[in-house]
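# Observations on the three-dimensional arrangement
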Amino acid sequence: QKGIADDPTGAFAGLLGCPKPLLPVGNRTLAESWIAQLQPEQGEQIVIVTNGSNHALFEELVEKRDLSQVRLVCDGSASNDTRLGAVADMALAVTALQEMSGAGEEFDVCIIAGDTLFDFDARPDGAFFDVNALVSAFKRERKDSLVCYELADPTETLKRGILVLDDDGKVTEFLEKPKPTDTASRLACPPFYLFTHDTHRRLITFVDEKKTLPLEQREALAGSSSGSLVEGNLCPVYASVFGGRRYDIGNLDQYKDALAAFGLHRTSLLEDAGPGVAVGRAFARMGLAGNPSDGYEGACMAFTIRNFSAEVVAHASDVFRIIPGKNDVEFPSLHAFHDTIDATGAHGGIRLVKTAAHRFVTLAKDARMRLEAVEDKSQREEGITASSLLQRLSLATQVTLQYQTSIPVMVGLAGSSAIVLATIRSLCAFYRIPPLVLCNGDARALPSHVLDAERALGISAGLQDRVAQAYEGLMFMDFAGDIVEKERYGRYERVPLAWLPKCVFLLHRRPSSSSVVHSNLRERWEKREESVMKAMTLLRDITERVRGLLSLAKGEFTAEQSESLADLIDNNFDVRESIVDISRDNSDMVARARDLGLACKFTGSGGALLALPRPSSFPYPTAEPLQRCDAVLRMRQQLAPLGIAVELVQT
C-alpha cells in the first residue's frame, strides 16, 4: 500500500486499500486464480481466512462471482498490531473445515498463502506449476508434501525458507533465511503445503504449544510451519521441485512483476473486463556465440538475463500520453547529464516508446482488416470471438505509457529493443490483444516487428537481440540466406537454460554506440569483401560448435569441455576484431579479463563482456557455485579502479 501511495504515475491509485489476495492479476484476483486452479471436487471446500478490516471486500467477491464452494472465516483483527498471525489463521481454517466435515471426520488440507502466485500457464520453456498433478500425487501416495524451486540468486536465501532434501526427496532440514555460506542448498520453499489429516492435527497441536510466544516468534514459526514438522520429528515430509516461477507479491515492484508475467497469459485474454493497468517487460540480452553474424546470414546463440530489464506501465487515461522515464529527466549531476548526452544523444528512451506505440497501432489496424475479412486459425485457437477482438483492435480506450529501464546504455545489452518490446507487450496486455493476432499467427514475426520499429529510427541492428528477448531464455538462431528466403524468418530453436556454463559479465563505464561500431560493416558485406565473408563463415562455425558442446555437456562440463568452450568464446572475439575496429577501452578490458584467466567476448557490440573462467586458470568452476568464489571478489577489486564492474549472470 505504501508503494501504491508513493507511486508518481498514479496508475495504481485505484488499488489503495485493496488486500493482496484481491489484487487483479491477469483479469483475475489472486484469490480467484487459486480457486480456478484448485478445482474442488464434490465434498471439498475452500476456506479463506480474512482479517476484520477487509472481510466485507471478500464477501463482495464471493457474492459477485457466486463462489459457493468458498467459506469465509474472519479472524477479527482490525490492524497490523492486533493481527493473530499466520499460525492462528491456519488453525482457524482447519477448525472451520472440521465443523463443515462433521465431528470425527478425517480430511486432508492444502494450505496456500494469499499473496503468492505461480506460473499456472506454461512458460516459453514449457515449465509451469501443475497444481492438479501435485494434488493427484498427494492423494495417491499419501505423503505430506511441500514444493520448492531453485534460487537463481544465492543471496535470496536470506529472504526464504530453504529445504535440504535427501535422494528420495525427503526433507532432512528446514532452514529459515540462512546465509548463502551456511548451506549448499538453494531450494526455496514457498507457502504451498499438502498435509494429511494426522499431520495437520499434529501441526496444530505443535503450534498451539507455542501460543504464549511473542507474535514475532510465532510469525517466524508460521514461515516455517513445515519446518516445525521436520524439526519436531513429527512425521516425514517430502518435497518436489517445480518448474516456472513464483511471484511473492510483497510490494509494488513485485506486483508489477506478476502483471508483466500474467498479463498476456491465455486466461487473461479471454475476458473483456480488465484492471485498467498493464505492465510490459523485456530483459537484457547477452550474445553467447556468433554475433554479429545474425545480420549477415550467419548463426548465433543468445540468452536473456534478469539482472536488467525495461518496463512499461500502461493505464487508462483521457488522452494518449507518454510520460518520460526517470532516465530521461533525472541525472546525478550536470556533468553526468553532459556525459550521458555525449554517449547516447539527446532523445533518450522516449523515442523508442513512440516508435513502438506507432508500430503497435499499425499492426492493430492490419489485424483488424484481416479479421474483418476472415477469422483466422490463430484467433480461433485463442478462444476469443471475432467480435470481441474487433472491438479490442479498435483501440478505443486511451492510454498513458510510462517507461523505465535498468539496462545500461551503449554496452551491447539490447537496451533499445527491450524498451520497444516492453512497450508492445504493455499495449497488448492493456488492450487484451494476443501478440499472435498482431503477428498473423506466426510467433516468429514479433522480433521482426520490433526490429522494424527500431530501424525507423535509423538504428542499425540484426534480429539476434529481438529473438532472444521475444522468446526469452537461451536461443539458437540460424539466418542462412536460403532459410530466410524460404521462411521469411530465421530458424529459431530453444535450448535449455540449464545447459549454460557458469559465467560472469564485465561492464565498462565508457560505452560506445553499436551504430558506430557497425557503421560500415553492412556496406562491406554487400560488396562481398573477402575478409567479412570469411569472418561470418567462421562465426557460424563457432556457433554450431558451441551449441554442440552445450548439447553434449548439458550443464555438467568436464574440465576439457570447459576449456574447449572457453577457446570458442575467445575465438569469437578474435574473429570480430579482425573485421571491426575495437576501441582502446574495450581492447584493454578484454586484455585484462584474459590476464585474469577469463575467456571473453562482447555481449553485443562493445562495452560489456561475457566472461567464462578457464579451468586451467581457476580450478573452482566445476567444484563449487561461482557465486561462492573468492575469485569473483578479487576480480572486482582488480578491475574496479579501471572503471570495469564484474557481475554474476542471473538467468
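Residues numbered from 1 in each chain as written. Predicted model: local features only at pLDDT ≥ 70, side-chain atom pairs only at ≥ 80, totals over all residues. Heavy atoms only, no water.

### Some points on the overall build of the protein chain
Stated formally: Only runs of H or I of at least four residues qualify as helices and only runs of E of at least two qualify as strands under DSSP, and these elements are numbered from the N terminus. The buried label goes to any residue with under 20% of its type's maximum accessible area, the exposed label to any with over 50%, and the partly exposed label to all in between, with areas taken from a 1.4 Å probe on protein chains only. Whether two residues are in contact is decided by their heavy atoms: any pair within 4.5 Å suffices. All accessible-area figures derive from a Shrake-Rupley calculation using a 1.4 Å probe, and residue coverage is judged against the displayed protein chains alone.
Looking only at helices and strands, the protein chain has 26 helices and 23 strands in total. In the protein chain, buried positions account for 51% of the 651 residues. A fraction of 72% describes how many contacts in the protein chain between residues 6 or more apart in sequence connect residues 24 or more apart. For the protein chain, the exposed surface amounts to about 29,400 Å²; the carbon and sulfur share of it is 49%.

### Here we look at the packing of helix 24 (residues 559-579) against helix 25 (residues 584-595)
Pairs of packed helices are described in terms of their axes, by the angle between the two and the distance that separates them. Going by this rule: To get an axis, a line is fitted to the C-alpha atoms, and for a helix only the part in contact is used. The angle between two axes follows their N-to-C directions and goes from 0 to 180 degrees. Geometric relationships in this document are graded by angle, where less than 35 degrees denotes roughly parallel, more than 145 denotes roughly antiparallel, 65 to 115 denotes roughly perpendicular, and other angles denote oblique. The handedness criterion is simple: a crossing whose near helix is rotated anticlockwise from the far helix by less than a right angle is left-handed, and one whose near helix is rotated clockwise is right-handed. Residues are sorted three ways: Asp, Glu, Lys and Arg are charged, Ala, Val, Leu, Ile, Met, Phe, Trp, Tyr, Cys and Pro are nonpolar, and all the rest, Gly among them, are polar.
At their nearest, the axes of helix 24 and helix 25 sit 13 Å apart, and the two run at 155° to each other. Taken together, helix 24 and helix 25 sit at an angle that is classed as roughly antiparallel. The crossing of helix 24 and helix 25 is left-handed. In this structure, helix 24 uses Asp570, Phe573, Asp574 and Glu577 to contact helix 25, whose residues at the interface are Ser587, Val590 and Arg594. Grouping the amino acids of the contact of helix 24 with helix 25 by side-chain chemistry returns 2 nonpolar, 1 polar and 4 charged.

### A closer look at the packing of helix 16 (residues 415-431) against helix 18 (residues 445-455)
Contact geometry of helix 16 with helix 18 gives a least axis separation of 10 Å together with a crossing angle of 115°. Regarding helix 16 and helix 18, the two cross each other, and that crossing is right-handed. Side by side, helix 16 and helix 18 meet where Ser416, Ser417, Val420, Leu421 and Ile424 of the first sit next to Leu446, Val450, Ala453 and Glu454 of the second. Considering only residue class, the contact of helix 16 with helix 18 consists of 6 nonpolar, 2 polar and 1 charged.

### A look at the sheet that holds strand 21 (residues 598-602)
Keep this limit in mind: Being paired, for any two strands, means DSSP has found at least two bridges between them.
Strand order across the open sheet formed by 4 strands is 21-22-20-23, with antiparallel pairing between neighbours. The open sheet terminates on both sides in strands that have one partner only, identified here as strand 21 and strand 23 (644-648). Neighbour-to-neighbour, the strand axes of this sheet turn through a mean angle of 30°, independent of strand direction. Here helix 24 sits on the sheet and contacts strand 21 and strand 22 (608-613); the angle it forms with strand 21, its principal contact strand, is near 40°. Strands in contact with helix 25 are strand 20 (504-508), strand 21, strand 22 and strand 23; relative to strand 21, the strand with the most contacts, it is inclined by about 155°.

### Topic: the pairing of strand 21
The element strand 21 is extensively covered by neighbouring structure, given that 5 of its 5 residues are classed as buried. Examined bridge by bridge, strand 21 and strand 22 share 5 bridges and lie antiparallel to one another. Its bridge partner lying in strand 22, Phe602 is registered against Leu609. Hairpin connection from strand 21 to strand 22: 5 residues lie between these consecutive antiparallel strands, with Gly606 at a positive phi of about 135°.

### Let's talk about the environment of Leu538
Along the chain, the position of Leu538 falls in helix 23 (residues 530-553). On the basis of relative accessible area, Leu538 is assigned to the partly exposed category, the value being 38%. Measuring from C-alpha to C-alpha, the distance between Leu538 and Gly290 comes to 8.6 Å, with 248 residues separating the pair along the chain.

### Some thoughts on unusual backbone geometry
Between Asn291 and Pro292 the backbone carries a cis peptide bond, its omega angle lying at 15°. Considering the arrangement of structural elements, one finds Pro292 in the loop between strand 14 (277-289) and strand 15 (299-316). Positive phi outside glycine occurs at Glu297, with the angle close to 60°. Along the polypeptide, Glu297 turns up in the loop between strand 14 and strand 15. Taking the relative accessible area as the measure of exposure, Glu297 reaches 40% and is therefore partly exposed. Phi is positive for Leu395, close to 55°, though the residue is something other than glycine. Here Leu395 is to be found in the loop between helix 15 (386-393) and strand 17 (399-405).

### What to know about the nonpolar core
Selection criterion: For the purposes of this section, nonpolar cores are sets of buried Ala, Val, Leu, Ile, Met, Phe, Trp, Tyr and Cys residues that join through side-chain atoms within 4.5 Å.
Counting 100 residues, the largest nonpolar core has Leu288, Phe303, Leu413, Leu438, Tyr492, Val546 and Leu550 as its most contacted members. The element that contributes the greatest number of residues to this core is helix 16, accounting for 11 residues. Leaving out residues up to four positions away in the same chain, Leu413 has contacts with Ala284, Arg285, Met286, Phe308, Ile407, Pro408, Gln469, Leu507, Thr603 and Ala608. With 48 residues, the next largest nonpolar core counts Leu15, Ala31, Phe192 and Tyr255 among its residues.

### Details of helix 23
Residues that lie three or four places apart on an α-helix share one face, since the helix turns once every 3.6 residues. This is how the line gets drawn: An expected span of 1.5 Å times one less than the residue number is assigned to each helix.
The first and last C-alpha atoms of helix 23 sit 35 Å apart over 24 residues, in line with the 34 Å expected at 1.5 Å per residue. What helix 23 keeps buried is the set Val532, Ala535, Met536, Leu539, Arg540, Ile542, Thr543, Val546, Leu549, Leu550 and Ala553. One or two steps after helix 23, the chain reaches Lys554, where phi turns positive at roughly 50°.

### Let's talk about the state of the cysteines
Here a disulfide denotes a covalent bond joining the sulfur atom of one cysteine to the sulfur atom of another. Our working definition: Cysteine sulfur atoms that come within 2.5 Å of each other are treated as a disulfide pair.
Inspection of the entire model under this criterion finds 0 disulfides. A disulfide-free cysteine, Cys189 has its sulfur positioned 7.0 Å from the sulfur of Cys148, the nearest such atom. The class for Cys189 is buried, based on a relative accessible area of 9%.

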